[in-house]
Structure formats: C-alpha cells, structure tokens
Amino acid sequence: MATNRTFTMIKPDAVEKNYIGGILKMINEDGFKIVAMKYTKLSKEQASAFYEVHKERPFYGELVDYMSSGPIVAAILEKENAVEDFRKLIGSTNPADAAEGTIRKIYAASIQANAVHGSDSDENAKIEGDFHFKATEIFA
Ligand code: UDP
Ligand code: MG
C-alpha cells in the first residue's frame, strides 16, 4: 500500500542557479506539505553512502563528486500517494525525455545535473528520509 511520504533533494546545480524558490513553489502548488527541510552539504562519504545502490553503475563516481560539490536542500514531503505523484511532478531522469511542465523539464541542465531527487519507492523514501533527518526534526 502506498504511504504518504517521499524524500527529495534540490541538487547542487539547481541551488547554484537560484532555483530553490521556484522548485519549492511547484512542490507546494502540487499539494505536497513539507514536513522536514534543511539546507546542507553532503560530504563525499555521505554522497557515496546515499547513492550506494548505484555503485556498480558507470556514472557512480561522477555522481558522488557532483552531489558533494555544493549545498543542497533536503526535505521530506507529505501527500497521499506521495512517491508516485512526486515522480510524476519531477519527470524523467534525463530532462530531454521529461514531460512538459515537470520540474526537470523546467529546471534540469543534464541527465546528471537534473535539479532534483525523488525517492523511487515507499521503502527507499523511509530509508532516505531517515538518512537526513532525526525524528525530532520532522513536523507532521
Ligand atoms: N545519473 C547520471 N547518469 C545516468 C543516470 C543517472 O548521472 O546515466 C544520475 C542522475 O543525477 C540521477 C541519479 O544518477 O538522478 C540517480 O539515478 P536514477 O536512475 O536513480 O535516476 P532518478 O531516480 O534520480 O530519476
Ligand atoms: Mg532513483
């Protein structure tokens, strides 16, 4: 059964280009409630651990370097059917394939620098949220 939370990051390229406000506006206007949020920066070790599932993929090393290259915004979002609805809102991994009106279509620069992260399952949403936030930092 679908749960009501997902996890997102506004990635270093989007932060650098001052897209935080525009992306958060789209998230709020799509009906997501922000229940946890922080402005932070991943160390190489943290980025390696976060993306561990991709460690055999050819882009892993570059992805870790990129995700630790500058500050990010991390957040837990709440909405009915959150994981699936948020994947719809962000669009395809490669912005060239992303649907019109999606966050990646509007804000992403490339398949790597694709503006935002969105969890791919309820299980991973929980793992990723717990990676960044203590229970006392979540306000439902
Ligand atoms: N990525 C990349 N090259 C690729 C595929 C993915 O650099 O060919 C990066 C991109 O930043 C992506 C992240 O790795 O968001 C995780 O990949 P995944 O397949 O999980 O895509 P997502 O779930 O973010 O759409
Ligand atoms: Mg993914």
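Residues numbered from 1 in each chain as written. Chains lettered and ligands numbered in written order. Predicted model: local features only at pLDDT ≥ 70, side-chain atom pairs only at ≥ 80, totals over all residues. Heavy atoms only, no water.

A. Geometry of the side chain of Asp 13. By the secondary structure assignment, Asp 13 is in helix H1 (residues 12–16). Buried and unpaired, Asp 13 has Lys 17 as its nearest opposite-charge partner, separated by 4.3 Å. Non-local contacts of Asp 13, meaning those with residues more than four positions away in its chain, are made with Tyr 66, Tyr 107, Ala 109, Ala 113, Asn 114 and Ala 115. (Helix = DSSP H or I, 4+ residues; strand = E, 2+ residues; numbered from the N terminus. Buried < 20%, exposed > 50% of the residue type's maximum accessible area, 1.4 Å probe, protein only. Lys, Arg positive; Asp, Glu negative; His and termini not counted. Salt bridge = Lys/Arg side-chain N within 4 Å of Asp/Glu carboxyl O. Contact = heavy atoms within 4.5 Å.)

B. Here's a closer look at the pattern of salt bridges. Going through the model one piece at a time under the given rule, you end up with nine salt bridges. Here Asp 30 makes a salt bridge to Lys 79, at a shortest N to O gap of 3.4 Å. Here Asp 30 is found in the loop between helix H2 (20–29) and strand E2 (33–40), whereas its partner Lys 79 is found in the loop between strand E3 (72–78) and helix H5 (82–90), with 49 residues between them in sequence. In this structure Asp 30 comes out as partly exposed when scored by relative accessible area, which is 31%. Between Glu 52 and Lys 55 there is a salt bridge, with its nearest N and O atoms 3.6 Å apart. A relative accessible area of 42% means that Lys 55 is categorised as partly exposed. Through salt bridges with shared partners, one network takes in Asp 30, Lys 79 and Asp 85.

C. The arrangement of the side chain of Thr 6 in detail. By secondary structure assignment, the location of Thr 6 is in strand E1 (residues 5–10). Among residues more than four places away in sequence, those in contact with Thr 6 are Phe 32, Ala 75, Ile 76, Leu 77, Ala 82, Val 83, Phe 86, Ser 119 and Ala 125.

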